[in-house]
Every structure is written in C-alpha cells, then in structure tokens.
Amino acid sequence: PPSPHLECGRERNRFTASEPMVYLQEPPNPHLRSSIRSLWYCRAPRSSHRRERVLPNGCMQIILNLSRSYLTDCGEDGKANRRLPRAIVVGMRARYEVVDTADMEEIAGIVIQPGGFAGMFRERADLFFERFIGLEQVCSAGASLADRLCEVPSPLEKLRTLEVFLTGRFLNHSGTRRSELVDQALYLFRNKGLCVAECARSVGVSERRLSQVFREHVGIAPKMWSRIRRFQTAVRALHNGADVPWAELALRCGYYDQSHFANDFRAFSGINPTMYSTSRGPWQNHVPIL
C-alpha cells in the first residue's frame, strides 16, 4: 500500500510539469523471500487529492516516511487524528483505512509475507491487528532506519539499504523458523481452495488450534484472511478493467452469488464495486478520495 499502504506493482513513472512521480518495487534476495514479499519506494510530490482509501490486502507492512518526521493517522472520515512515528509497523487489517497523500511525498516500505513477521521479529502478529506501532518498539535498529534511507541518494539504493537491514534481522534470528502448520494452511487455502474446517482436517489439528496458531503468525483469523484474499481477486479484476456483469464476476472470484460479493466488497472497502471502478487510480489498493 505505497503506504499501508501502496500496492505492490511494477515501476511507475508519471511526469508532471514540475516533478516526476516515481514508484519502484523490488523482490528481496532469496534468503528473505520466505518472510518478505517486496520492498518499495514512492515519490509522489504533487497529488491532486488530499486523501486516499487503502484497501486491506492480507499483508503486514513496515512504512517509513522520508520527507518529514511523522506519518498521519486519519480516521475513516478523512480527518487527521494524530501524528504517528515516521517509521511504523502496520498490522493486518480487515477494513480499509484513509491515508494523507502528503505522506507520499517520499516514502518507502516493506511488504511482509503472511506468516513472516512473527519469525523475523519474534512478535505475535495478532497483537498488531489494525494498529500502527512504532518500528523502534519492535527492534532498536529500526529507530534510525528512516534517517539512513534519507542519506542514500537513489531509490534503488534505498531499497538495497532496506534489504541490508532485513538481512541483519534474518541472520540474527537464523534459528527462528516459520510455522510449518501456518505454511501448510496457506498452501491449502491458496492452491486447494479449502475452507477452515477442511484445512484443519487435512493438517490434523482442530479448527480452534489452527485458528489460534494462524492468528498469532499471520495476524488475523484464517477465515477472514481467506475472505480478504477472495476480495483481492475481485479488486484485481476490477482494476484491470473487467467488463462483465457483477453476477458473473462474483462467481468467477469464488463468491456464492452477487449479493455476497457486493456485501463483502463494501465491508472491506467502504464502497461498492461500481464506485471502485469509476474512481480507481494507478494502484490497485488505493482509491482517491476526491
């Protein structure tokens, strides 16, 4: 989500009359890929709108503001509630959030694989659910990370600096492994389309035990995570310009019917699919608030 934020994607450059808008996303080195999905950098100094609606994507992130000493916490009404530290851990979310586009003047982030946070940072992911926590509260080295990134001249070098930071975390916690139970569950949800009860039977544990371990490592209950994943399938299709009746799209994305699709979409995004399609921006999970 750039921000909880910007959606992973290809490098984007959009030039205005004054200054370019840049988005760069890179995969981490192979040692980190079991825990880290991607590293990203964004510079968007001339936004035409003040707020953006950010949709839940099923991942935790680390966000670092490189243009000023804080990030802005906005309520769903778009009003700025408080100032957050400039480097934060963004917990798993089950609903959209609103962000201040001024934070995107220059910002960088780390998208964490589901199940990757608990192993790398030795913290239960569910304790961060729908919360913003200062990075320095999770690791002492994180306190100066934003300052180090500001000293590096190019976007690609900034991403390499993030990678070095994460590699240090990986080496320091080399004895910490991802949960095999969670990895099995994620595989079955993604590739076999199993429900929670079917998944629990397949891995040989109770539904209660599966839900407990999954929440601790991923940050959200498995049923909710599967719903967000299905919602993201629909968001991706709409962002790519799917031109089919909503009932057909609902079935294609795994919904029982159009009503379930519409209710889920509004629950996660706060808007309906038609509004998303007409107001979508360059990033899949960011919707401008005009």
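All figures in this text were calculated on a predicted structure; none of them were measured in a lab.

Asks: Would you mind going over the packing of aromatic side chains with me for this structure?
Replies: Between two aromatic rings, the relevant description is the distance of the centres plus the angle of the planes. As enumerated under the stated definition, the model contains 13 aromatic pairs in all. Both rings, one in phenylalanine 214 and one in tryptophan 225, keep their centres 6.1 Å apart while their planes meet at 65°; by these two values the pair is edge-to-face. In this pair, phenylalanine 214 is assigned in helix α6 (residues 207–218) and tryptophan 225 in helix α7 (residues 222–239), connecting sequence segments eleven residues apart. Assessed through its relative accessible area of 0%, phenylalanine 214 is described here as buried. By relative accessible area, tryptophan 225 is classed as buried at 4%. Ring geometry for phenylalanine 231 against phenylalanine 268: centres 5.1 Å apart, planes inclined by 45°, an arrangement best described as tilted. With phenylalanine 231 in helix α7 and phenylalanine 268 in helix α9 (residues 258–269), the pair connects residues that are 37 residues apart, well separated along the chain. Judged by its relative accessible area of 0%, phenylalanine 231 is buried. We classify phenylalanine 268 as buried; its relative accessible area is 1%. An aromatic cluster is built from Phe231, Trp246, Tyr255, Phe261, Phe265, Phe268 and Tyr276, whose rings are joined through pairwise contacts. It is arginine 83 that lies over the ring of tyrosine 70; its NZ or CZ is 3.9 Å from the centre.

Asks: Even after reading the chapter, I still don't get the nonpolar core, so can you show me in this structure?
Replies: The nonpolar side chains of a soluble globular protein tend to be buried with one another. One finds Leu64, Phe117 and Leu162 to be the most contacted residues of the largest nonpolar core, which totals 69 residues. The element best represented in this core is α7, accounting for seven residues. Not counting residues within four places of it along the chain, the set of residues in contact with phenylalanine 117 comprises Met60, Val89, Ile112, Arg122, Glu123, Ala125, Phe128 and Val138. Core analysis: the second largest hydrophobic core is formed by 18 residues, Met21, Ala44, Cys59 and Ile88 among them.

Asks: Just checking my understanding: could you explain the layout of surface pockets for this structure?
Replies: There is about 400 Å³ of room inside the largest pocket. If you trace the largest pocket, you find 14 residues lining it, with Gly193, Leu194, Ser226, Arg227 and Arg230 closest to the centre. When residues of the lining of the largest pocket are traced back to their parent elements, those giving at least two are α5 (196–203) and α7. A class-by-class count of the residues in the lining of the largest pocket yields five nonpolar, four polar and five charged.

Asks: For this particular structure, what's the right way to read a positive patch on the surface?
Replies: Together, Arg37, Arg190, Arg229 and Arg236 line one region of the surface with positive charge. Positionally, arginine 229 belongs in helix α7. With relative accessibility at 36%, the residue arginine 229 sits in the partly exposed group.

Cut-offs used in this document
- Residues numbered from 1 in each chain as written.
- Predicted model: local features only at pLDDT ≥ 70, side-chain atom pairs only at ≥ 80, totals over all residues.
- Heavy atoms only, no water.
- Phe/Tyr/Trp six-rings, centres within 6.5 Å; stacked < 30°, edge-to-face > 60°.
- Helix = DSSP H or I, 4+ residues; strand = E, 2+ residues; numbered from the N terminus.
- Buried < 20%, exposed > 50% of the residue type's maximum accessible area, 1.4 Å probe, protein only.
- Lys NZ or Arg CZ within 6 Å of the ring centre and 35° of its normal.
- Core = buried A, V, L, I, M, F, W, Y, C linked by side-chain atoms within 4.5 Å.
- Contact = heavy atoms within 4.5 Å.
- 1 Å grid on protein atoms, 1.4 Å probe; cavity = no way out; pocket = protein on both sides within 12 Å on 5 of 7 lines; lining within 4 Å.
- Points joined across faces, edges and corners; volume = space filled by probe spheres on them.
- Nonpolar A, V, L, I, M, F, W, Y, C, P; charged D, E, K, R; others polar.
- Patch = residues over 30% accessible without salt bridge, like charges linked within 9 Å, V, L, I, M, F, W, Y side chains within 5 Å.
- Areas by Shrake-Rupley, 256 points an atom, 1.4 Å probe, with all protein chains shown as cover.
- Salt bridge = Lys/Arg side-chain N within 4 Å of Asp/Glu carboxyl O.
- Lys, Arg positive; Asp, Glu negative; His and termini not counted.
- Charge placed at Lys NZ, Arg CZ, Asp CG, Glu CD.

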